[in-house]
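Residues per chain are reported as follows:
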Amino acid sequence: MKTRTDKSGFTLIELLVVIAIIAILAAILFPVFAQAKEAAKKTACLSNARQIGLAVKLYIGDYDDGMPIFYAYNSIPPAGQAGHKGTELLLLPYSKNQQIFRSPLDVGSPYLSVDEGLLGGSYDTYWKAYGTSYRFGHCMFSTVAGESSQNNQVYDTTALVNEGAVEFPADTRVIRIEMFPFFSSKADRDCARYGYDCPPPGNYFREWGKTGGSMIFSDSHARYVSGSAQFDEARVDPFGHRSGETNAQSWSGTWYGVCD
């Protein structure tokens with residue numbers, strides 16, 4: 001009498017079919033997961049931007065409408081060390097949270113590895129290096145001779161900014177996220193318009209997000225900007241000049257090169 005033996009396991013063809021199905025599902029779902037992850041980061045970045053805008057409003061309420069002192073990219077000493085100069089530190093008593101100056105999109109840039117003040121340290125984000133992922137607009141914050149500084153260089157001129165003098169507060173950007181995708185060489189050939197994706201050692205660009213970034217305006221509202229047209233249309237000084245408006249004295253040929 002013959003006995004029946006049960007088969008166990010899968011055949012090679014069955015395994016290959018399962019692997020193929022998993023690969024197809026992965027190819028479909030991974031981009032969806034990536035988009036969802038970036039959308040979450042964009043939302044968090046915009047939330048931070050709104051809180052920073054409110055902190056600026058609280059600051060100027062205590063200083064007779066005067067805007068905070070301008071500092072940018074100071075790395076001697078870098079953020080987190082005694083003596084560091086950064087505009088975000090002036091806002092900290094009002095924000096009560098240094099983390100809001102860190103965008104989840106911030107992945108640093110090639111320049112951090114060659115900045116003389118950062119050598120020998122571990123700085124993989126602008127927030128770690130300079131204290132903020134957000135750029136404070138030069139023309140919208142107060143420059144004070146002998147105090148304001150950028151890239152460790154102290155200014156010898158004074159230009160005080162009063163929020164009440166801003167012509168178009170809802171259209172004038174005061175702060176923006178550091179890196180926009182249209183700063184890349186694909187959109188800004190020869191590094192002539194925005195000055196980010198340049199040959200080393202002046203290469204500052206790294207893609208933080210694929211669609212855009214947060215921008216904060218003088219009336220304290222924040223919104224997500226997704227294209228260079230919106231960026232160039234924003235006003236950048238109290239008099240209402242637009243970022244992309246012609247300025248022959250600027251290195252970029254626009255007001256962006258003067259005020260950003």
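Scroll up a little and you will see the structure.
Quick caveat: nothing in here was measured; it's all calculated off a predicted structure. (Residues numbered from 1 in each chain as written. Predicted model: local features only at pLDDT ≥ 70, side-chain atom pairs only at ≥ 80, totals over all residues. Heavy atoms only, no water.)

### Considerations on the overall build of the protein
Helices and strands together make up the secondary structure of the protein, namely five helices and seven strands. Counting helices and strands in the order they occur from the N terminus, the protein gives α-β-α-α-β-β-β-β-β-β-α-α. Expected size for 260 residues packed as a compact globule is a radius of gyration near 18 Å; at 24 Å, the protein overshoots this value by more than 25%. With the principal axes as the frame, the protein shows a C-alpha extent of 105 × 40 × 35 Å. Scored against the burial criterion, the 260 residues of the protein give a buried share of 45%. Long-range contacts, defined as pairs at least 24 residues apart, comprise 65% of the intrachain contacts of the protein with a sequence gap of at least 6. Summed over its atoms, the accessible surface of the protein is roughly 13,900 Å², and 58% of this surface lies on carbon and sulfur atoms. Looking at the protein, you have 23 positive and 27 negative side-chain charges, and the mean spots of the two groups are 12 Å apart. (Helix = DSSP H or I, 4+ residues; strand = E, 2+ residues; numbered from the N terminus. Rg over C-alpha atoms; globule rule 2.2 N^0.38 Å. Buried < 20%, exposed > 50% of the residue type's maximum accessible area, 1.4 Å probe, protein only. Contact = heavy atoms within 4.5 Å. Areas by Shrake-Rupley, 256 points an atom, 1.4 Å probe, with all protein chains shown as cover. Lys, Arg positive; Asp, Glu negative; His and termini not counted. Charge placed at Lys NZ, Arg CZ, Asp CG, Glu CD.)

### Remarks on the state of the cysteines
If you walk through the whole model with that rule in mind, you get two disulfides. Between the sulfur of Cys139 and that of Cys259 lies a disulfide, 2.1 Å long from S to S. Handedness of the Cys139-Cys259 disulfide follows from its S-S torsion of about -75 degrees: it is left-handed. Residue Cys139 is located in the loop between strand 2 (134-136) and strand 3 (149-150), and its partner Cys259 is located in helix 5 (residues 256-259); the two are separated by 120 residues in the primary sequence. A single burial state applies to Cys139 and to Cys259, both of which are buried. Bonded cysteines in the protein are paired 1-4, 2-3 when counted in the order they occur along the chain. (Disulfide = S-S within 2.5 Å.)

### Section: the pairing of strand 5 (residues 173-177)
Along strand 5, five of the five residues are buried, which leaves the element largely enclosed by surrounding structure. The pairing of strand 2 with strand 5 spans three bridges and is classified as antiparallel. Pairing of Arg135 across the sheet is with Arg176, part of strand 5. (Pairing = 2+ DSSP bridges.)

### Thoughts on the packing of aromatic side chains
Under the definition given, this model contains 23 aromatic pairs. With a centroid separation of 6.3 Å and 80 degrees between ring planes, the pair formed by Tyr73 and Tyr126 is classed as edge-to-face. Taken together, the positions of Tyr73 in the loop between strand 1 (71-72) and helix 2 (87-95) and Tyr126 in helix 3 (residues 126-130) put the pair 53 residues apart, joining distant regions of the chain. For the pair Tyr73 and Tyr126, one class covers both residues: buried. When the centroid spacing of 5.4 Å and the interplanar angle of 90 degrees are considered together, the rings of Tyr194 and Tyr256 count as edge-to-face. You can see Tyr194 sitting in the loop between strand 5 and strand 6 (213-217) and its partner Tyr256 sitting in helix 5, a full 62 residues away along the chain. Neither residue differs from the other here; Tyr194 and Tyr256 are each classed as buried. Put simply, the rings of Tyr111, Phe180, Phe182, Phe183, Tyr194, Tyr196, Tyr204, Phe231, Trp251 and Tyr256 pair up and form one aromatic cluster. Over the ring of Phe231 we find Arg173, and its NZ or CZ is 3.9 Å from the ring centre. The side chain of Arg235 reaches across the aromatic face of Phe168, ending 3.8 Å from its centre. (Phe/Tyr/Trp six-rings, centres within 6.5 Å; stacked < 30°, edge-to-face > 60°. Lys NZ or Arg CZ within 6 Å of the ring centre and 35° of its normal.)

What is shown is where atoms sit, not what they do.
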